[in-house]
Structure formats: C-alpha cells, structure tokens
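# Structure assessment
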Amino acid sequence: MEAKITMTETWLRKHRLLYVGSTRHSFIHAIRDGNIDISAFKTWLGQDYIFVRAFVPFVASVLTKAWKGSNDRDNGVEVILGGVSALNDEISWFKKEASKWGVQLSDIVPQKANQEYCSFLESLTSPDVEYTVAIVAFWAIETVYQESFAHCLEDDSKTPPELEETCRRWGSQGFGEYCNSLRKIADRQLENASDDAITKAEATFLQVLEYEVEFWNMNHGGT
Ligand SMILES: Cc1ncc(CNC=O)c(N)n1
C-alpha cells in the first residue's frame, strides 16, 4: 500500500530549513545543553505570557470557524474546544512560574517581535480568514513549541531540572498527540480546499515559522 503524502508533509519538506530554524533555535539549544542564561529564560517567560494572552482570542476564533462548519463530519471542533480549555490552565501556569522566578508580569512591555506576532494573530481572527487558513496557523504555532521543547527532553539532553516542567508543558507526549490531531484536521481541510485557500494557507504557515524565529531571537539575540 502506498501512503499518500499529505499537504503538511509536502510543506514540511519544502520549507525544511525554515522549519528547522524555528524548532532548533539557539535558545532551545541553550536550554538543552544546560547553558541557558536565566535572564534570557525570564525574558522569554514574560514575553510568552503576553503572547499567550493574545493567543486566547485567536484560538477562540478558530473554534468559532470550526463551529460554523461543524455539520461537516469530523472537522475537529472537539479538539479545538479542548485547546481553548487548556489555555485556562496555561495562563495560571504562567502566573505561578513568573512568581517562582520573580518575574513581575504586570510590568512586562511587549517587544517589537512579540507585538508584530500578536498583531498577526489578531489579523487571523477576522471572519474573512477561512477556517483552513486558521487551522493551519494554529497547528503550526503549537507544533513549533512541541518540536522545540521535546528536543530539550530527549535522553541525551542536559536541560536544567528547574526548566523541565516548562519543557514538559509543550514537549510532552500528550501535547505531541494534540499537535498530531491538529495536523490531521488541517490536512483534512486542505484536501477539500480551493487552490486559493491552499496558497493562502501555505503563506500563513511560512509566516508563522518566521514569527517564531523572531520570537526566539528576541530572547536570545542572534547568538
Ligand atoms: C511564541 C509562542 N508560540 C507558540 C506557543 C505555544 N502555544 C501556546 O502556548 C507559545 N506559547 N508561544
């Protein structure tokens, strides 16, 4: 039996360099090698809290888009609803983690790369953005974190124990399975999408990867 190559697989192969750039950034390598500068980690924590706050309305908009098409068999609405509900716990986790590291969340000013990424998320909440495009963005955003942090948990990694919980939040098998579910939803949508929607979705996928690289750079300026 010949396995058919899905659209996400095609894109991951075609854009391999950028994908690897977003999932194997020097910031992630520094965590994995145990060389992370704690001030860089704290910067990331504060900035990511701001990002996640902007991520909530984005995920809610994906849910709305899925809900409208929920007559279609298996369009992923339950998986996305699970994603919305997990964000409640995630926001609490950021608050707890910030207090553990002495990061004052109310004082955090979003940096330029973060602001631009959050504006991009907001633009994707528009009703003019099709579900196919939005679900591809959602899958890509989650998958970059999954692949990045899973790398810090591999057997030969030297991740500092105090950062393991952070890495497990996105690098765990459970989060990996969630990302696979999102990927299947995205591929199913892409199978039935117009050429125009596919073109837009691919461009959006690339934009996500670029924003993710900039986000890592922000914490770990080009080293
Ligand atoms: C910049 C960025 N990208 C992806 C994620 C993971 N999704 C939700 O937590 C994240 N927290 N931050």
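Counting starts from 1 at the beginning of each chain's written sequence and moves along it residue by residue. At least 70 in pLDDT is required for a residue's local features to be given in this predicted model, at least 80 for side-chain atom pairs to be given and counted, and no such filter applies to totals for whole chains, interfaces and linings, which use all residues. To get the side-chain values, all heavy atoms of the structure are used, and hydrogens and water are removed first.

## Some points on the site of the ligand
Consider each residue's heavy atoms; a residue with any of them within 4 Å of a molecule or strand counts as near. Close contacts around the ligand come from D48, F51, V52, F55, E90, Y117, I141, E142, Y145, W170, E212 and F215, and that covers them all. At 2.3 Å, a side-chain N or O of E90 approaches an oxygen atom of the ligand. Working definition of accessibility: Shrake-Rupley area with a 1.4 Å probe, residue cover restricted to the visible protein chains. Here the ligand has 320 Å² of accessible area as a free molecule, and 100% of this is covered by the chains. A molecule is said to occupy a pocket when more than half its atoms come within 2 Å of that pocket's grid points, and by this definition the ligand occupies the largest pocket. For the shell around the ligand, the secondary structure elements donating two or more residues are α4 (38–68), α7 (131–151) and α10 (195–219). A run of DSSP states H or I qualifies as a helix once it reaches four residues; a run of E qualifies as a strand once it reaches two. Both are numbered from the N-terminal end. Top element by residues in the shell around the ligand is α4. It accounts for four residues. By the criterion applied in these results, polar contacts are pairs of N or O atoms within 3.5 Å in which, for protein atoms, one can donate a hydrogen and the other can accept it, and in which residues neighboring in sequence qualify only through two side-chain atoms. A cavity here means a set of points on a 1 Å grid, drawn over the protein atoms and nothing else, where a 1.4 Å probe fits but cannot get out; a pocket is an open set with protein on both sides within 12 Å along at least five of seven lines, and a residue lines either one if it has an atom within 4 Å of a point. Each molecule is assigned to a cavity or pocket provided more than half of its atoms lie within 2 Å of the corresponding grid points.

## As for the packing of aromatic side chains
In this analysis, rings of Phe, Tyr and Trp, with Trp reduced to its six-membered ring, are considered paired at centre separations within 6.5 Å, and the interplanar angle assigns stacked below 30 degrees, edge-to-face beyond 60, and tilted for intermediate values. In this structure the tally under the stated criterion is 30 aromatic pairs. A centroid spacing of 5.5 Å and a plane angle of 35° characterise the contact between F41 and W44, whose relative ring orientation is tilted. Residue F41 and its partner W44 are both found in helix α4; the two are separated by three residues, about one turn of the helix. Comparing F41 with W44, the two get one shared label, buried. Members of the aromatic cluster, each reached through a chain of ring pairs, are F27, F41, W44, Y49, W93, F94, W101, Y145, F149, W170 and W216. A simple rule labels every residue: compare its accessible area, found with a 1.4 Å probe on the protein chains alone, to the largest value its type can have, and call it buried under 20%, exposed over 50%, or partly exposed in between.

## Concerning the nonpolar core
For our purposes a nonpolar core is just a set of buried Ala, Val, Leu, Ile, Met, Phe, Trp, Tyr and Cys residues, chained together by side-chain atoms within 4.5 Å. In terms of nonpolar packing, the biggest core is built from 72 residues, with W44, F58 and F138 touching the most fellow members. In what follows, a contact means two residues having at least one pair of non-hydrogen atoms within 4.5 Å. Aside from chain neighbours lying at most four places away, what touches W44 is F27, Y145, F149, T166, W170, F215, W216 and N219.

## Considering the UniProt feature "active site" (unreviewed entry) in the protein chain
UniProt annotation of "active site" (unreviewed entry) refers to E212 when read in the numbering used here. Sequence-distant contacts of E212, that is, excluding residues within four places in its chain, are made with S22, Y117, I141, V144 and Y145. Only 2.6 Å separates the side chain of E212 from the side chain of Y117, close enough to count as a polar contact. UniProt positions are given in the numbering used here, feature names are shortened, and annotations may be inferred rather than shown by experiment.

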